[in-house]
Amino acid sequence: MEECKLNDYECLIQWNSVPDLLNLPKVPPSEIKRLIIYDFDNTLYASPKPNEQLSSPELIELLLNSRDKLKSGNWWSTLETLEYSFDRCSALCENPTSEISPYIFWNKLLLKSAQLAHKDPTTVSIILTGRKHDTFHKLFERLQYASFLKDDTTNAFIFNAVCLKKNCNMNTFDYKEKVITSLVESLNIKNNLNEITIYEDRKHHVRQFQAFLTKLSLKASHTVSSASWHGTVVPVAAKNFLLHYEDEIAIIEKMFDNHNKICIEQNLNDLPIFKLKWSGIKSGFFHGVHFTEEFIELDNKLFEKIKKYHPTQILNKYPMYIPITVPGNVLSGRICAQIISNGDPKIIDDKTFCRNSINNMKFPKDSKRNNLLNFIFKITAISLNFESVGKIPSIVYKVIPVGESKGKFIGKKLEDLYLVGKTKAKDDELKEYWFCKTLATEPNLIKQSMNWIDVKDGPIIRTTFGSYSQLDYIKTPGYNFQSENSNVQ
Ligand SMILES: [Mg+2]
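Residues numbered from 1 in each chain as written. Predicted model: local features only at pLDDT ≥ 70, side-chain atom pairs only at ≥ 80, totals over all residues.

1. Quick notes on the overall build of the chain
- A tally of regular secondary structure across the chain gives 15 helices and 14 strands.
- Looking at the chain as a whole, 32% of its 489 residues are labelled buried.
- At a minimum sequence separation of 6, the contacts of the chain that also span at least 24 residues come to 77%. (Helix = DSSP H or I, 4+ residues; strand = E, 2+ residues; numbered from the N terminus. Buried ≥ 20, exposed ≤ 12 C-beta atoms within 10 Å, placed from the backbone. Contact = placed C-beta atoms within 7 Å.)

2. Focus: the pairing of strand β1 (residues 34-39)
- Extensive coverage of β1 is indicated by the burial of 5 of its 6 residues.
- Taken together, the 5 bridges between β1 and strand β4 (residues 195-200) define a ladder with parallel strand orientation. Note on β4: the bridge partner recorded for Arg-34 is Glu-195.
- In this sheet, strand β2 (residues 123-132) lies alongside β1 in parallel orientation, the contact comprising 6 bridges. (Pairing = 2+ DSSP bridges.)

3. As for helix α8 (residues 245-265)
- The first and last C-alpha atoms of α8 sit 30 Å apart over 21 residues, in line with the 30 Å expected at 1.5 Å per residue.
- Phi turns positive one or two residues past the end of α8, at Asn-267, with a value near 55 degrees. (Expected span 1.5 Å × (residues − 1).)

4. What to know about the pairing of strand β10 (residues 395-401)
- Within β10, 5 of the 7 residues are buried, leaving the element largely enclosed by the surrounding structure.
- Of the pairings in the sheet, the one linking strand β9 (residues 374-384) to β10 comprises 7 bridges and is antiparallel in character. By the bridge assignment, Leu-384 is partnered in β10 with Ile-395.
- Bridge count between β10 and strand β11 (residues 418-420): 3 bridges; the pairing is antiparallel.

5. Observations regarding the sheet that holds β2
- Across the sheet, which stays open at both edges, the 5 strands sit in the order β3-β2-β1-β4-β5 with parallel pairing between neighbours. The strands lining the two open edges of the sheet, one partner per strand, are β3 (161-165) and β5 (230-235). Geometrically, the sheet is characterised by an average inter-axis angle of 20 degrees between neighbouring strands, direction not taken into account.
- Contacts from helix α6 (residues 172-187) reach β1, β2 and β3 within the one sheet, and its direction differs from that of β2 by about 155 degrees. (Axes fitted to C-alpha atoms, helices over the stretch in contact; angles between N-to-C directions.)

6. Quick word on the packing of helix α3 (residues 79-94) against helix α5 (residues 133-140)
- Contact geometry of α3 with α5 gives a least axis separation of 10 Å together with a crossing angle of 10 degrees. Taken together, α3 and α5 sit at an angle that is classed as roughly parallel. Contact with α3, carried on its side by Leu-79, Leu-82, Glu-83 and Phe-86, involves Thr-135, Phe-136 and Leu-139 of α5 and no other residues of that element.
- Within the contact of α3 with α5, the residues separate by chemical class into 5 nonpolar, 1 polar and 1 charged. (Parallel < 35°, antiparallel > 145°, perpendicular 65-115°, else oblique. Nonpolar A, V, L, I, M, F, W, Y, C, P; charged D, E, K, R; others polar.)

7. What to know about the confidence of the model for the chain
- Mean pLDDT over the chain stands at 84; residues scoring 70 or higher make up 84%.
- Per-residue pLDDT, averaged within each element of the chain, yields its smallest value for helix α15 (residues 478-488) (46) and its largest for β1 (98).
- Of the regions scoring below 50 in pLDDT, residues 481-489 engages in 5 contacts with residues more than four places distant in sequence or in other chains. (pLDDT = per-residue confidence, 0-100.)

8. Things to note about the environment of Trp-15
- Along the chain, the position of Trp-15 falls in helix α1 (residues 10-15).
- In this structure the C-alpha to C-alpha distance between Trp-15 and Lys-165, which are 150 residues apart in sequence, comes to 8.5 Å.
- Not counting residues within four places of it along the chain, the set of residues in contact with Trp-15 comprises Ala-161, Cys-163 and Val-179.

9. Notes on the nonpolar core
- Ranked by size, the top nonpolar core spans 46 residues in total, and within it Ile-127, Val-162 and Cys-163 carry the most contacts.
- Ranked by size, the runner-up nonpolar core spans 32 residues in total, among them Met-320, Ala-337, Ile-339 and Tyr-418. (Core = buried A, V, L, I, M, F, W, Y, C linked by C-beta atoms within 7 Å.)

10. Observations concerning the environment of Glu-10
- The residue Glu-10 is located in helix α1 in this model.
- Looking at Glu-10, the number of C-beta atoms within 10 Å reads 12, which means it is exposed.
- Placed 14 residues apart in sequence, Glu-10 and Leu-24 show a C-alpha to C-alpha distance of 9.8 Å.

11. Topic: the packing of α3 against α8
- One can describe the packing of α3 onto α8 by two numbers: an axis separation of 9 Å at closest approach and a directional angle of 155 degrees. The pairing of α3 with α8 is recorded here as roughly antiparallel in orientation. Of the two possible hands of crossing, α3 and α8 adopt the one that is right-handed. Seen from α3, the contacting residues are Glu-80, Thr-81 and Tyr-84; seen from α8, they are Asp-247, Ile-251 and Lys-254.
- Class assignment of the residues belonging to the contact of α3 with α8 gives a composition of 2 nonpolar, 1 polar and 3 charged. (Left-handed = near helix turned anticlockwise from the far one by under 90°.)

Okay, here's the thing in structure tokens:
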């Protein structure tokens, strides 16, 4: 075996972002046969994503995709989102007696594959991510403390390098292509490299990498036998983990503060100033955030009858709920207490119980839900109004309580129980408000003005009784803010 010199792997040294995690192969590059690339976010690590139960779709869109709208950076380029998650993972690593394993933050199967790859001296495996080096390299140093990221026998880190995006404004895919091309060129000295595997969660990156590997394979076919060349992209189901509500709100607030500060300091008057706000309170029985599967099942049944609608039109955004009051109106402690106690007449005068009932039902929060707040319903009919230009919501479900919820005090007449929510259609928020208001004042109008289609054996809907408000944002034009500022001076 030839002796390996440090500068043989200049390329790995150059792209690596965390010196303490650099783990140069023991054999020279001419003996390297395999290159494995692991994407980090949501592929290897369950990175946090904005919580759909907490924030409005518009706020999530701003946080995730609007790179240019937030001058301080979006969700993925903000240090704190990943830092909070690393804090929680580290706390679990340091407390081995905890019921929760730190593996919940990692893709265990991929870690196993990386451990096996590490045992093979002719394999180079790296973590390659679009996270910016300048912002994140210090944070990634913390990975060296996680014992399960080390080899059982040598205590070495199981990846050869951790490569973050260095000094460039390239998009993530182009950057990754550049790094992989450069690694292939420097490792494939004697046409020895005959296998590249890329693990990736994002569908469009999977497709782009497939095209990229096909190009590489065509080049390789000039030099090695094409039968011995393998280029594979392995699509990985995205894994993520939600932050605590309080942490997430604090992070978003800080992102907005930083953006606003930059706009003011740099006189960026064409950019808006962002502020967080809570939407009007809604009260009723809320369907969980993971309702999609149940509704797809319903869609399949419906499709036999209504072929013209696509399932994505019918799927609602969170929250879907059975309203028992008009949005913006706060439920009285008495009503809350009656629903929770199943109409027990004695508790109406019990002020402590009423007060606790209100506190118990406030969303969102992390505490475990009380069983008394759980209610089960079944869909019995559906009304679709996608073509209507009036005030009727695009989609409404008629429901009845079933199972242990049958006969319980619900706070509304059985014939006035409807499941509503926003779809992708325009103005659904306003229509939902009209629906709840009309239901409270003229329930017969609801019955008369909608076309109901009966649903046989409709899905069961598991709900939680509560009050809910969603985090949203408002924007003020930058010049307004600037002129207010000038007036003060
Ligand atoms: Mg990813």
